[in-house]
Each structure stands twice: as C-alpha cells, then as structure tokens.
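The residues making up each chain are set out below.
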Amino acid sequence: SLYSNKQILLNLLGNVFAFIPMAFFLPLLFEKTKKIKKFTITMLIIILGIEVLQLITTSGRFDIDDFILNLFGALFGYIVLNTKSIRNWKIWRNYFWKN
C-alpha cells in the first residue's frame, strides 16, 4: 500500500470531522435547514461544490470517498445535535433552537 494505516485513519477521520460543525452552524444561519431534508440537500450542494472546485483548480481531486465521508460527518453531527437529550439542554433550547 502507498499509505500507512495512520495516514488512512487520519484521512477518514479528517473528512468525517471536518463537516460536523456544519450541523451546528448551518441551522443557526438558515432557518430552513433545521429540517433534515433541507439540511441534507444543502450539504450535498456544498460538498459537491467543494469537490468540483478542487477539480477545477487542481488543488485536490474529485474523490467520491471524500464526498461520502463529508456528508456522513455532517449528518452524524445533525443527528447527534438533534437527539432529545441534547435538545433539552436549557442553553441549547434558549439560544439555538428557539421555535
């Protein structure tokens, strides 16, 4: 293999964790993305845009693995932040998810 296990793991975890914060910030910035369907569509477009930009600028490569891992990270963050136990935190309810 061209890559060590450490490099492979770092790549996998980096791609997943890079988009977890989007689950927090995107719904704060855009009210419509509080729904899972709108959030997923928005993330698909953002990640696709990043991958295409990498292809055009030759600063990286269009990699379907990165696309899938980035989307997984964003959806993982969204699901965790929207679990009942976390949504019931007082600070979370008062400041971030006002309805």
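Residues numbered from 1 in each chain as written. Predicted model: local features only at pLDDT ≥ 70, side-chain atom pairs only at ≥ 80, totals over all residues. Heavy atoms only, no water.

K.L.:
Could you clarify how one ought to interpret the overall build of the chain in this entry?
P.N.:
What the chain contains, in helices and strands, is six helices and zero strands. Secondary structure elements in the chain, listed N-terminal to C-terminal, are α-α-α-α-α-α. Here the chain holds 99 residues, and 27% of them are scored as buried. Working note: accessible area of the chain is about 7,300 Å², and carbon and sulfur atoms make up 70% of it. (Helix = DSSP H or I, 4+ residues; strand = E, 2+ residues; numbered from the N terminus. Buried < 20%, exposed > 50% of the residue type's maximum accessible area, 1.4 Å probe, protein only. Areas by Shrake-Rupley, 256 points an atom, 1.4 Å probe, with all protein chains shown as cover.)

K.L.:
Would you mind going over the confidence of the model for the chain with me for this structure?
P.N.:
The predicted structure's coordinates, where accompanied by low pLDDT, should not be read in detail. Residue-level pLDDT values for the chain average 86, and 84% of them are 70 or greater. At the level of individual helices and strands, the chain shows its lowest average pLDDT in helix H6 (residues 90-95), which scores 62, and its highest in helix H3 (residues 36-57), which scores 94. (pLDDT = per-residue confidence, 0-100.)

K.L.:
Please clarify how the packing of H3 against helix H4 (residues 64-81) should be interpreted in this entry.
P.N.:
Two measures define how a pair of helices packs: the angle their axes make with one another and the distance between the axes. In contact at an axis separation of 10 Å, H3 and H4 are set at 150° when each is read in the N-to-C sense. If you check the angle between H3 and H4, you find them roughly antiparallel. Crossing handedness for the pair H3 and H4: right-handed. Of the residues in H4, those touching H3 at Ile-36, Phe-39, Thr-40, Met-43, Leu-44, Ile-47, Leu-48 and Glu-51 are Asp-66, Phe-67, Asn-70, Leu-71, Ala-74, Leu-75 and Tyr-78. (Axes fitted to C-alpha atoms, helices over the stretch in contact; angles between N-to-C directions. Parallel < 35°, antiparallel > 145°, perpendicular 65-115°, else oblique. Left-handed = near helix turned anticlockwise from the far one by under 90°. Contact = heavy atoms within 4.5 Å.)

K.L.:
Before we go on, may I ask you to explain the pattern of salt bridges in this structure?
P.N.:
Two side chains that carry opposite charge are able to pair once their charged atoms sit near each other. Counting across every chain of the model gives two salt bridges. Residue Lys-34 is joined to Glu-31 by a salt bridge in which the shortest nitrogen-to-oxygen separation is 3.4 Å. Linking Arg-61 and Asp-63 is a salt bridge whose minimum nitrogen-to-oxygen distance equals 3.8 Å. Given the relative accessible area of 56%, Arg-61 is considered exposed. Asp-63 sits in the buried class, given a relative accessible area of 15%. (Salt bridge = Lys/Arg side-chain N within 4 Å of Asp/Glu carboxyl O.)

K.L.:
In this structure, what is going on with the nonpolar core? I would like to understand it.
P.N.:
Within the largest apolar cluster, eleven residues are counted, these being Phe-19, Ala-23, Leu-26, Phe-39, Met-43, Ile-47, Phe-67, Leu-71, Ala-74, Tyr-78 and Leu-81. Put simply, the parts of the chain that give this core at least two residues each are helix H2 (22-29), H3 and H4. Ranked by residues supplied to this core, first place goes to H4 with five residues. Residues in contact with Ala-23, not counting those within four places in the same chain, are Phe-39, Ala-74, Gly-77, Tyr-78 and Leu-81. (Core = buried A, V, L, I, M, F, W, Y, C linked by side-chain atoms within 4.5 Å.)

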